[in-house]
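Below, each chain spelled out in residue letters.
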There are 2 protein chains.
Amino acid sequence: MKLTSKGRYAVMALADLARFDNISPVSLRDISLRQGISLDYLEQIFSKLRKKEIVQSVRGTQGGYILNRKAREIKLTNIFDAVDEKVKTLQCKKESKKGCNGKSTKCLTHNLWDELENHINNFFDKKSLDDLVKSNFERKF
Amino acid sequence: MKLTSKGRYAVMALADLARFDNISPVSLRDISLRQGISLDYLEQIFSKLRKKEIVQSVRGTQGGYILNRKAREIKLTNIFDAVDEKVKTLQCKKESKKGCNGKSTKCLTHNLWDELENHINNFFDKKSLDDLVKSNFERKF
DNA sequence: GGAATACTTGACTATTTTAGTCAAGTTTAT
DNA sequence: ATAAACTTGACTAAAATAGTCAAGTATTCC
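Residues numbered from 1 in each chain as written. Chains lettered and ligands numbered in written order. Predicted model: local features only at pLDDT ≥ 70, side-chain atom pairs only at ≥ 80, totals over all residues. Heavy atoms only, no water.

Draft legend 1. A look at the pairing of strand β1 (residues 55-58) of chain B. Looking at chain direction, β1 of chain B and strand β2 (residues 64-67) of chain B are connected through 4 bridges and run antiparallel. Looking across to β2 of chain B, one finds that Val58 of chain B is bridged to Gly64 of chain B. (Pairing = 2+ DSSP bridges. Helix = DSSP H or I, 4+ residues; strand = E, 2+ residues; numbered from the N terminus.)

As structure tokens, then:
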């Protein structure tokens, strides 16, 4: 399974962004400073988020990024998808002779990983950016 | 998150083993052939499983491994633990200035990863080796 | 219109992890 | 005694990760 800091950073940055949504664009520089994430790395991440239409960029002075949809409508699944964090738990041995083709000759544990994958995706499908922000509402930044 | 083929192999091998439990020890060579896993790699994995008392070794000719507990009592959590597959989703930035110490100043997404971890562990805690074998009962090997 | 701010893109890389291999044993049944 | 099988530890090629670096382009504000 793949779930690394690129995904975490994306979620952290968007949670940060969501707090200012509808007020003004947030610059990556600000996010970088607040969340302690390298600016260059954030640029990579936001480039992907923009392509998947999760955020919009606002150019020029006082520019930055804003959410392209309501925080409530952005599920964590969408975010992970955008930055190529696949919640693929494990693929069965590729091209194995003994192997698993997913159809007639499933490997012993094939169904298990399928179930797990559903289990995890289910979790991410339910959580929205809004949920994150709300659960941190009382915090100081 | 870490969930790689070492964990998958461990589960596959033990599922294979579980089918012959109480009949006779199963040699790693047989498992290697049936499951298409390198013998040397299996040895590494079983060394860990033995140390965590999930399997017992039987030395000598006709030797091999047997389960140390009933298949029903071996949860997937136990297996992953044994082979060092941590279901640690993500740790928050280590020693960050802005960072998350897990206590007073939790990072924005800290609770999220906690929840996810529980969600996944919950899944693995419920699944036993026996469940796996049973759900594959009709298969030919 | 020019400076400053901020987004945009693409190439590059050190480090770490993964998934093994290789070598040299020890133990035990027959 | 010999072969089967477990046991241990060191080593490594390849891939993935987590970035950095460089060179832009676009826009706003003064």
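Draft legend 2. Region of interest: the pattern of salt bridges. Throughout the structure, instances matching the rule amount to 8 salt bridges over all chains. For Glu115 of chain A, the salt bridge identified is with Lys127 of chain B, shortest N-O distance 3.0 Å. With Glu115 of chain A in helix α5 (residues 110-126) and Lys127 of chain B in the loop between α5 (110-126) and α6 (129-135), this pair bridges two chains. When its relative accessible area of 36% is taken as the criterion, Glu115 of chain A is described as partly exposed. (Salt bridge = Lys/Arg side-chain N within 4 Å of Asp/Glu carboxyl O. Buried < 20%, exposed > 50% of the residue type's maximum accessible area, 1.4 Å probe, protein only.)

Draft legend 3. The arrangement of the protein's contact with DNA strand D in detail. Of all residues adjacent to DNA strand D, which total 28 residues, the nearest are Tyr9, Ser38 and Arg59 of chain A together with Gly64 and Tyr65 of chain B. When atoms of DNA strand D within 4 Å of the protein are split into backbone and base, the sugar-phosphate part holds 72%. Here the surface near DNA strand D gets 4 residues from one element, more than from any other, and that element is helix α3 (residues 39-51) of chain B. Partitioned by chemical class, the residues of the surface near DNA strand D number 6 nonpolar, 15 polar and 7 charged. (Near = heavy atom within 4 Å. Nonpolar A, V, L, I, M, F, W, Y, C, P; charged D, E, K, R; others polar.)

Draft legend 4. Molecular detail of the packing of aromatic side chains. Scanning the model with the defined rule gives 10 aromatic pairs over all chains in all. Aromatic side chains Phe123 of chain A and Phe124 of chain A sit 5.7 Å apart centroid to centroid with 70 degrees between the ring planes, which places their arrangement in the edge-to-face category. Phe124 of chain A matches Phe123 of chain A in its accessibility class, with the two residues each being buried. Through a chain of ring-to-ring contacts, the aromatic side chains of Phe80, Phe123 and Phe124 of chain A together with Trp113 of chain B assemble into a single cluster. (Phe/Tyr/Trp six-rings, centres within 6.5 Å; stacked < 30°, edge-to-face > 60°.)

Draft legend 5. Region of interest: the environment of Asp40 of chain A. Residue and element names in this part refer to chain A. Tracing the sequence through the fold places Asp40 in helix α3 (residues 39-51). Take Asp40: its relative accessible area is 58%, and that puts it in the exposed class. Sequence separation of Asp40 and Arg29 is 11 residues, and the distance between their C-alpha atoms is 9.6 Å.

Draft legend 6. Molecular detail of the protein's contact with DNA strand C. Neighbouring DNA strand C are 27 residues; Gly64 and Tyr65 of chain A together with Tyr9, Ser38 and Arg59 of chain B lie closest to it. Among atoms of DNA strand C positioned within 4 Å of the protein, sugar and phosphate together represent 72%. Here Ser38 of chain B contributes a side-chain N or O atom positioned 2.4 Å from a phosphate oxygen of DNA strand C. Gln44 of chain B is positioned such that a nitrogen or oxygen atom in its side chain is 2.7 Å from a base oxygen of DNA strand C. The set of elements that each furnish at least two residues to the surface near DNA strand C consists of α3, β1 (55-58) and β2 (64-67) of chain A together with α1 (5-19) and α3 of chain B. Considering each element in turn, the surface near DNA strand C owes the most residues, 4 residues, to α3 of chain A. Among the residues making up the surface near DNA strand C, the classes are represented as 6 nonpolar, 14 polar and 7 charged. (Polar contact = N/O pair within 3.5 Å; in protein donor to acceptor, adjacent residues only side chain to side chain.)

Function cannot be read off these values alone, since they describe shape.
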